[in-house]
Amino acid sequence: MIFLGILAAAFLGNMEAVTNGAIESSKEAVNVVIVMSGVLSMWTGLMKIGEKSGLIDSLSEKLKPFLRFLFPDIPPEHKAMKHIATNVIANVLGLGWAATPAGLLAMKEMQKLNPDKEKASRAMCMFMVFNMSSLQLVSVNIIVYRAQAGSANPSEIIGPGLFATLVSTVTGIVVIKLIEVKKRKCRY
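What you see is a predicted model, and the numbers here were worked out from it, not measured in a lab. (Residues numbered from 1 in each chain as written. Predicted model: local features only at pLDDT ≥ 70, side-chain atom pairs only at ≥ 80, totals over all residues. Heavy atoms only, no water.)

Visitor: It is not clear to me how helix α2 (residues 15-53) should be interpreted in this structure. Could you clarify?
Guide: Think of an α-helix as turning once every 3.6 residues; residues three or four places apart then point the same way. Here α2 contains 39 residues, and its C-alpha end-to-end distance of 56 Å stays within 8% of the 57 Å for a straight helix at 1.5 Å per residue. Those residues of α2 that sit buried are Met 36, Val 39, Met 47 and Gly 50. Where α2 is buried, its residues contact α3 (55-70), α4 (79-92), α5 (96-113) and α7 (140-148). Two residues or fewer after α2 comes Gly 54, characterised by a positive phi angle close to 95 degrees. (Helix = DSSP H or I, 4+ residues; strand = E, 2+ residues; numbered from the N terminus. Expected span 1.5 Å × (residues − 1). Buried < 20%, exposed > 50% of the residue type's maximum accessible area, 1.4 Å probe, protein only. Contact = heavy atoms within 4.5 Å.)

Visitor: Would you mind showing me how to read the nonpolar core here?
Guide: If you look at the biggest cluster of nonpolar residues, it comprises 30 residues, and the most contacted ones within it are Leu 67, Phe 71, Ile 74, Ile 84 and Met 110. When contributions to this core are tallied by element, the ones reaching two or more residues are α2, α3, α4, α5, α6 (122-133), α7 and α8 (158-187). Ignoring sequence-local partners within four residues, the contact set of Leu 67 consists of Met 81, Ile 84, Ala 85 and Val 88. (Core = buried A, V, L, I, M, F, W, Y, C linked by side-chain atoms within 4.5 Å.)

Visitor: Hey, could you run me through the packing of α3 against α4 in this one?
Guide: To describe two helices that pack against each other, one gives the angle between their axes and the distance between the axes. Axis separation between α3 and α4 bottoms out at 9 Å; the angle between their running directions is 105 degrees. Here α3 is positioned roughly perpendicular relative to α4, judged by the angle of their axes. Where α3 abuts α4, its residues Ile 56, Asp 57, Leu 59, Ser 60, Leu 63, Leu 67 and Arg 68 lie against Met 81, Lys 82, Ile 84, Ala 85, Thr 86, Val 88 and Ile 89. Here the contact of α3 with α4 is composed, by residue class, of nine nonpolar, two polar and three charged. (Axes fitted to C-alpha atoms, helices over the stretch in contact; angles between N-to-C directions. Parallel < 35°, antiparallel > 145°, perpendicular 65-115°, else oblique. Nonpolar A, V, L, I, M, F, W, Y, C, P; charged D, E, K, R; others polar.)

Visitor: What should I look at first to understand the pattern of salt bridges in this one?
Guide: When charged atoms on two side chains of opposite charge get close, those side chains can pair. One pass over the structure, following the stated rule, counts 10 salt bridges. A salt bridge links Lys 82 to Asp 57; the nearest nitrogen and oxygen atoms lie 3.9 Å apart. One end of the pair, Lys 82, is in helix α4; the other, Asp 57, is in helix α3, with 25 residues separating them in the sequence. Look at Lys 82 and you get partly exposed, because its relative accessible area is 41%. A residue is classified by how much of its surface remains accessible, and Asp 57, at 42% relative accessible area, is partly exposed. With a closest N to O distance of 2.8 Å, Glu 77 and Lys 64 form a salt bridge. With Glu 77 in the loop between α3 and α4 and Lys 64 in helix α3, this residue pair connects regions lying 13 residues apart in the sequence. Overall, Glu 77 belongs to the exposed group, its relative accessible area being 65%. Taken together, the shared-partner salt bridges in this structure form one network comprising Asp 73, Arg 122, Lys 177 and Glu 180. (Salt bridge = Lys/Arg side-chain N within 4 Å of Asp/Glu carboxyl O.)

Right, dumping it as structure tokens:
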């Protein structure tokens, strides 16, 4: 598509506009990376502080009943549960980028429990749906983008974001649980 765009610009005599647009977009991309790196560093650092202070473990403990409901196939003290809890906490705080390493470790640990290595387990599917719906109290990256774009109130997205992610998370969980019930009924 880029190549076709450049060809069309050359054919129509708009190469100067394409060049200027590419330069401006490059500047904007670098600015976004710099701002997001700062935000990422701050929140990842706060996650590390939370980890070292025991806050993550405390929150993980409070999440256990909910996670047992979602992931009954995973033993409660298995490493996968700790990684899932860390991923959930980071996502709830709107730190999708900080949640990714914990999510990858959770999948790796769940794969160890998976009897059929060629197919995703029920727990892995539930984790993917739950992780992708990503319940968030604070959408940090969206707030940063809005602030960069000059929004008068970049944090006004918190309420609608919380509502939208709550609805998507509940919907995802309900659908997976309904599929589980249907599969159980089909076996009998």
